[in-house]
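This is what each chain is made of:
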Amino acid sequence: MRVRFFLRLVQRSLTHRVGKWLTAILAVAMGVSLVSTSLTLALGMRAKMSQALRAYGANILLVPAAGPAAAGGAPAGAQLFASMSEDLLVRLGDLSRDLPLVGYAPLLYAMAEIGSHRVALVGTWPDAIRQVNPSWRVEGGWITDRAELAEAILGSSLAQKLALTVGAPLPLTIQGRTRTFHVVGILSTGGSEDEQVLVTLRAAQELAGRAGQLNLIQVSALAADRGMEAVARALEAGLPGVAARTQLRLVEAEERLLARLSLLLGLIAGLVLVASTLTVAADMATSVLERTREIGLMKALGASRARVGRLFLAEAGLIGLAGGLLGGAAGLLLAQIIARTAFGGTVPFSTLPTVASIGVGVCVASLAGLIPVRRAASAQPSLVLRGE
């Protein structure tokens, strides 16, 4: 009976002051929506931002543990780096199932001759190098088959120097072995690749006489899933004779950007929550002043300070619950809008922001109601009923 009567009091209080409580609910919802937005973006966009930053290329290089071999004085066609076995790619494929890898691409380097010009020849898997370096742009087309032996892609600077265009023949010679390739694309990266000739790994191995050999492997990993150094150490442990070198500048830039995004969203959410708390506190204080005679009558009829306090705290809790649900839903929608506008994608739904939104809403409303509740509970019925 007491519980039912208590709930009826709470219901009457809320239904008779819909306008004022709606203002408080909206204030809580506004602050909570930013909390929900921040958590949703922090959980979903960190991975997406990591993938976007991966567009700048590999952030881990796998090289022979012995280190580079000196190339000074070597004849044309000599290897530029120490070699490692192509069999490592099978082990790397197994490791990639347990590590946050976007992709990896093997590379073999050699010096080749085009007439009187010496150029750097790079053999790789065309599809893999595109995945690891999605910002690379090719005029014409890419080599579509890893087993292709007669197609090549020229770096833009080298193509300009040799006056070659898409469709032109490209005879390459290494240590007396000559093969004529067909130029299918002109590559522009803004880096050293603009001075190189790109062919398939198999074509480079056959022309250089280095079957089954690699010089290095480019790896693109997601820093958001695991620390980059931890990924590098895991690769070294799983690939004997290989050293993993992280591209520290890219990794550090990624980590700084993600940390700043989280800090900015957290600060905004914190400031709005403070404003929301003050708004709810003001509405609760106004409610207590307007209901002074009601409070005095309740206490004169035997209501204890604890019961009066629980009444107002229950009202505050329901305001927080409603504001948390509304703000959580608004935050999820806002996060999707930000993701589409700023990052060109969406973020996955997660239950954590929703649960956190409800919890934050209830806590904010309850905290805001503490001082007004204390004032209501301490009211003296004799003074209140006399109008003092």
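Computed from a predicted structure; not experimentally measured.

So, about the overall build of the chain. Looking only at helices and strands, the chain has twelve helices and twelve strands in total. Taken over 388 residues, the chain has a buried fraction of 45%. Long-range pairs, those at least 24 residues apart, make up 79% of the contacts in the chain between residues at least 6 apart in sequence. Total accessible area computed for the chain in this model is approximately 19200 Å², and 60% of it derives from carbon and sulfur atoms.

A cluster of nonpolar side chains, Leu 313, Leu 367, Leu 370 and Ile 371, forms an exposed patch at the surface whose accessible area comes to about 410 Å². Relative to the elements of secondary structure, Leu 370 occurs in helix 11 (residues 351–377). Exposure remark for Leu 370: the relative accessible area of 46% places this residue in the partly exposed category.

With that out of the way, let us pick up the packing of aromatic side chains. Scanning the model with the defined rule gives one aromatic pair in all. When the centroid spacing of 6.5 Å and the interplanar angle of 50° are considered together, the rings of Tyr 104 and Trp 125 count as tilted. Note that Tyr 104 is positioned in strand 3 (residues 101–114) and Trp 125 in the loop between strand 4 (117–124) and helix 4 (126–132), a separation of 21 residues in sequence. Residues Tyr 104 and Trp 125 agree in their burial class; the two are buried. In this structure, Arg 146 is placed above the aromatic ring of Trp 125, and the distance from its NZ or CZ to the ring centre is 3.9 Å.

Averaged over the chain, the pLDDT score is 79; the fraction of residues at 70 or greater is 71%. Predicted confidence for residues 67–80 stays below pLDDT 50, and this span has 24 contacts to residues more than four positions away or in other chains.

So, about the pattern of salt bridges. Pairing between side chains of opposite charge can happen when the charged atoms of each approach one another. Taken as a whole, this structure holds seven salt bridges when the rule is applied. One salt bridge in this structure joins Arg 146 and Asp 127, with 2.9 Å as the shortest N-O distance. With Arg 146 in the loop between strand 5 (137–140) and strand 6 (151–155) and Asp 127 in helix 4, this residue pair connects regions lying 19 residues apart in the sequence. On the basis of relative accessibility, which here comes to 35%, the residue Arg 146 falls in the partly exposed class. Where Arg 202 meets Glu 206, a salt bridge forms, and the shortest distance between an N and an O atom there is 3.3 Å. With a gap of four residues between them, Arg 202 and Glu 206 both fall in helix 6 (residues 201–208), about one helical turn apart. Residue Arg 202 is classed as partly exposed on the basis of its relative accessible area, which comes to 41%. Given a relative accessible area of 35%, Glu 206 falls into the partly exposed group. Members of the salt-bridge network, linked through shared partners, are Arg 179, Arg 202 and Glu 206.

Let us now look at unusual backbone geometry. Its identity as a non-glycine residue notwithstanding, Ala 163 has a phi of 55°, on the positive side. Note that Ala 163 resides in the loop between helix 5 (156–162) and strand 7 (169–174). For Ala 163, a relative accessible area of 66% translates into the label exposed. A positive phi angle, close to 50°, is found at Gln 175, a residue other than glycine. Taking the relative accessible area as the measure of exposure, Gln 175 reaches 45% and is therefore partly exposed.

Let us now look at the pairing of strand 7. Alternating residues of strand 7 divide into Leu 170, Leu 172 and Ile 174, all buried, and Pro 169, Pro 171 and Thr 173, none buried. Relative to strand 8 (residues 177–188), strand 7 runs antiparallel, the two being bridged by six bridges. Opposite Ile 174, over in strand 8, you have Arg 177 as the bridge partner. In sequence, strand 7 turns back onto strand 8 through a hairpin of two residues, with Gln 175 there showing a positive phi of about 50°.

Formed by 63 residues in total, the largest nonpolar core has its most connected members in Ile 60, Leu 62, Leu 172 and Val 197. Examining the composition of this core, we find that nine residues originate from one element, strand 3, more than from any other. In this structure, Trp 21, Ala 24, Val 32 and Ala 316 belong to the second largest nonpolar core, which totals eleven residues.

What follows deals with the environment of Gly 369. Structurally, Gly 369 is set in helix 11. On the accessibility criterion, Gly 369 (0% relative accessible area) is buried.

In this section: the side chain of Thr 277. Assignment of secondary structure puts Thr 277 in helix 8 (residues 248–290). The exposure class assigned to Thr 277 is buried, which follows from its relative accessible area of 17%. Not counting the four nearest positions on each side in its chain, Thr 277 is found in contact with Val 364 and Ala 368.

Attention shifts here to helix 7 (residues 228–238). Taken together, the buried positions of helix 7 are occupied by Met 228, Val 231, Ala 232 and Leu 235. Taken around the axis of helix 7, the buried residues stretch over an arc of 100°, which confines them to a single face.

Moving on: helix 3 (residues 88–95). Buried within helix 3 we find Leu 88, Leu 89, Leu 92 and Gly 93. Buried residues of helix 3, viewed axially, fall in a sector of 140°; they line one side.

Further remarks concern the side chain of Thr 37. Within the fold, Thr 37 resides in helix 2 (residues 18–53). Judged by relative accessible area, which is 2%, Thr 37 ranks as buried. Once residues lying within four places of it in the same chain are set aside, the contact partners of Thr 37 are Gly 331, Leu 334, Ala 335 and Ile 338.

About the criteria used
Residue numbers run consecutively from 1 along every chain, following the written order of its sequence. Local features in a predicted model are, by the rule used here, given only for residues with pLDDT of at least 70; side-chain atom pairs are given and counted only at 80 or more, and totals for whole chains, interfaces and linings are based on all residues. Side-chain descriptors were evaluated using all non-hydrogen atoms of the structure, hydrogens and water having been removed beforehand. By the criteria applied, helices consist of DSSP H or I runs no shorter than four residues and strands consist of E runs no shorter than two, each listed in order from the N terminus. To sort residues, take the accessible area from a 1.4 Å probe on protein chains only and compare it with the maximum for the residue type: under 20% means buried, over 50% means exposed, and anything in between is partly exposed. The criterion used for residue contact is that any of the two residues' heavy atoms lie within 4.5 Å. Each accessible area is a Shrake-Rupley estimate made with a 1.4 Å probe; only the visible protein chains count as cover when residues are assessed. A patch is a set of surface residues, each over 30% in relative accessible area and not in a salt bridge, joined within 9 Å for like charges and within 5 Å for the nonpolar side chains Val, Leu, Ile, Met, Phe, Trp and Tyr. In what follows, salt bridge is the name for a side-chain nitrogen of Lys or Arg lying within 4 Å of a carboxyl oxygen of Asp or Glu. Pairing of aromatic rings covers Phe, Tyr and Trp, the last counted by its six-membered ring, and requires centre-to-centre distances within 6.5 Å; plane angles under 30 degrees mean stacked, over 60 mean edge-to-face, and any other angle means tilted. Lysine and arginine charges are scored as sitting over a ring when NZ or CZ, respectively, is within 6 Å of the ring centre and within 35 degrees of the ring normal. pLDDT runs from 0 to 100 and stands for how confident the predictor is about each residue. For two strands to be treated as a pair, DSSP must find no fewer than two bridges joining them. Residues belong to one nonpolar core when they are buried, are Ala, Val, Leu, Ile, Met, Phe, Trp, Tyr or Cys, and are joined through side-chain atoms within 4.5 Å. Comment: arc refers to directions from the helix axis out to C-beta atoms.

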